[in-house]
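# Understanding the architecture of this molecule
Chain residues, written in single-letter form:
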Amino acid sequence: MADHLMSTYNRLPVKFERGEGIWLWDTEQRQYLDALAGIAVCGLGHAHPAVTQAICTQAARLVHTSNLYGITLQEQLADRLCSAAGMERVFFTNSGAESNEAAIKIARRFGHGKGINSPAIIVMQNSFHGRTLATLTATGNRKVQAGFEPLVRGFLRVPYNDIAAIRTVAETTGDVVAVLVEPVQGEGGINVPDTGYLDGIRRLCDANDWLMMLDEIQTGMGRTGKWFAFQHGDSVPDVVTIAKSLGNGVPIGACLARDKAAGVLQPGSHGTTFGGNPLACSAGLAVVDTLEKDRLPAHAAAVGELMLTGLRAALSDVAGVTDIRGVGLMIGIELDRPCGELVNRALDEGLLINVTAESVVRLLPPLIITDRQAGIVIDRVSELVREFLGEQAHG
Ligand SMILES: Cc1ncc(COP(=O)(O)O)c(C=O)c1O
């Protein structure tokens, strides 16, 4: 039946029919614990009543008009996001890549406004920013780029978590206009930078009149235990991009900006047909309401800590586990060998997990996960990892 789909994915042999909270059921009515949440999308879990009600009501009233007209729900959602992030203006999109495209366009136009004709953006090794031509160029992974050359000009790459490398670029290149960075790298392997890394970037951006642009597409909306990951520290960026869990599965993203970045895009300079339509914004508002009402960022911080501690305790004596790291409910277990096979093994046992950067088991459960459910994930994941490494040692 999939013969007419382009084979962009090696899909797992399962189809889900229904979901509720952290649980999914497949077409055979088998139940699964979803510790991945659609890769950090369904932060409120599946079929959350607030989102269901909001989109059903809105669908019956008005799905789409156009950005040619005013859209009250868009204004309301922009308001709420700006208060949560300390930003001033929002451009709504349909995906993470488009949110980053908007950020890249803001950076370039900001540069042109200063008389820089060939503006460059500093990006990181092992980063992931999307699959459009500009965002795959910004992405620090050759596999994502291979076969799509010529790449887009205007990106300079440095190692992640290395302030000195950015400083060197500042000293040697005059065309830089911005730094684009994930506060915690997701696809790259749940890489948590040193405390002070973002502050260091902020200082360099201030000193050189660059824009500090954070890709919070995976880390935003409560995932790391704060509304936005940058809020673990004191530095506020100029641009923040989000998507993934903003609509809990309804496609919506956003590029938020403040201060000198806020007014860069003007009528005619950027646009989108669907971005921020009433249906998508109704979902976004329901998500923001629920995160706030149920204090889910703080909950994610507490359960995340419990999971990290639990996993470390359960796997401390296991040779082959090289690191267990994370922030909030963004957790990585790094092994000393490729372990993609663990995804299938977990699936067989009714558990959804992911492996990224070849050897990092990635857990991104819904933010609504309870302590008890987190305990189940700890037990099952640590058993899977133990078994996998044990068999390899004996086989
Ligand atoms: C940090 C980050 N940026 C950008 C993207 C791209 O988002 P999308 O797939 O919605 O275009 C992703 C997706 O995984 C991501 O994790």
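So, here is what we can say about the structure in this document. (Residues numbered from 1 in each chain as written. Predicted model: local features only at pLDDT ≥ 70, side-chain atom pairs only at ≥ 80, totals over all residues. Heavy atoms only, no water.)

### Quick word on the site of the ligand
In the vicinity of the ligand, 13 residues are found, and the nearest of them are Gly-96, Ala-97, Asp-215, Gln-218 and Lys-244. A distance of 2.8 Å is found between an oxygen atom of the ligand and a backbone nitrogen or oxygen belonging to Ala-97. Here a nitrogen atom of the ligand sits 2.7 Å away from a polar atom, N or O, in the side chain of Asp-215. Against a free-state accessible area of 390 Å², the protein chains account for coverage of 81% of the ligand. Of the residues forming the shell around the ligand, the biggest block, 3 residues, is contributed by helix H4 (residues 96-113). Along the lines of polarity and charge, the residues of the shell around the ligand split into 3 nonpolar, 6 polar and 4 charged. (Near = heavy atom within 4 Å. Polar contact = N/O pair within 3.5 Å; in protein donor to acceptor, adjacent residues only side chain to side chain. Areas by Shrake-Rupley, 256 points an atom, 1.4 Å probe, with all protein chains shown as cover. Helix = DSSP H or I, 4+ residues; strand = E, 2+ residues; numbered from the N terminus. Nonpolar A, V, L, I, M, F, W, Y, C, P; charged D, E, K, R; others polar.)

### Focus on the sheet that holds strand E10 (residues 253-257)
The 7 strands are arranged E4-E10-E9-E8-E7-E5-E6 in an open sheet whose pairing can be described as mixed. Strands at the two margins of the open sheet, each flanked by one partner only, are strand E4 (89-93) and strand E6 (155-158). For this sheet, the mean inter-axis angle between neighbouring strands, taken without regard to orientation, is 20 degrees. Bridge count for strand E7 (residues 176-181) against strand E8 (residues 211-215) is 4 bridges, and the pairing is parallel. Its bridge partner lying in E8, Ala-178 is registered against Leu-211. (Pairing = 2+ DSSP bridges. Axes fitted to C-alpha atoms, helices over the stretch in contact; angles between N-to-C directions.)

### Section: the packing of aromatic side chains
According to the stated counting rule, one finds 3 aromatic pairs in the structure shown. Ring centres of Phe-16 and Tyr-32 lie 5.1 Å apart, and the angle between their planes is 85 degrees; on these two criteria the pair is classed as edge-to-face. Of this pair, Phe-16 sits in strand E1 (residues 16-20) while Tyr-32 is found in strand E3 (residues 31-34), placing the two residues 16 residues apart along the sequence. Here the aromatic rings of Tyr-160 and Tyr-197 are separated by 5.4 Å at their centres, their planes lie at 75 degrees, and the arrangement is edge-to-face. Of this pair, Tyr-160 sits in the loop between E6 and helix H7 (163-172) while Tyr-197 is found in helix H8 (residues 197-208), placing the two residues 37 residues apart along the sequence. In this structure, Arg-18 packs its charged tip against the face of Trp-25, placed 4.2 Å from the ring centre. (Phe/Tyr/Trp six-rings, centres within 6.5 Å; stacked < 30°, edge-to-face > 60°. Lys NZ or Arg CZ within 6 Å of the ring centre and 35° of its normal.)

### Here we look at the pattern of salt bridges
Oppositely charged side chains are able to pair whenever their charged atoms sit close together. Going through the model one piece at a time under the given rule, you end up with 17 salt bridges. In this structure, the salt-bridge partner of Arg-80 is Asp-289, at a minimum N-O distance of 2.8 Å. With Arg-80 in helix H3 (residues 72-85) and Asp-289 in helix H9 (residues 278-293), this pair connects stretches of sequence that are 209 residues apart. A relative accessible area of 38% places Asp-289 in the partly exposed class. In this structure, the salt-bridge partner of Glu-341 is Arg-345, at a minimum N-O distance of 2.7 Å. Taken together, the residues span about one helical turn, with Glu-341 and Arg-345 both in helix H11 (residues 341-348) at a distance of 4 residues. (Salt bridge = Lys/Arg side-chain N within 4 Å of Asp/Glu carboxyl O. Buried < 20%, exposed > 50% of the residue type's maximum accessible area, 1.4 Å probe, protein only.)

### Remarks on the environment of Ser-99
Within the element layout of this structure, Ser-99 appears in helix H4. The exposure class assigned to Ser-99 is buried, which follows from its relative accessible area of 0%. For the pair Ser-99 and Thr-135, spaced 36 residues apart in sequence, the C-alpha to C-alpha distance is 9.8 Å. In this structure, Ser-99 is in contact with Thr-93, Ile-217, Thr-241, Ile-242, Ala-243, Gly-253, Ala-254 and Cys-255, ignoring residues within four places of it in sequence. Side-chain polar atoms of Ser-99 contact the side chain of Thr-93, separated by 2.8 Å. Only 2.9 Å separates the side chain of Ser-99 from the backbone oxygen of Ile-242, close enough to count as a polar contact. (Contact = heavy atoms within 4.5 Å.)

### Looking at the sheet that holds strand E12 (residues 330-335)
Taken together, 4 strands build an open sheet; the order of strands is E11-E12-E15-E14 and the sheet is antiparallel. With partners counted over all chains shown, the strands left at the sheet margins are strand E11 (321-327) and strand E14 (354-356), one partner each. Adjacent strand axes in the sheet meet at a mean angle of 25 degrees when their direction is disregarded. One ladder, built from 3 bridges, connects E14 with strand E15 (residues 360-363); its direction is antiparallel. Its bridge partner lying in E15, Thr-356 is registered against Val-360. Running over the sheet, helix H10 (residues 296-315) touches E11, E12 and E15 and is turned about 170 degrees from E11.

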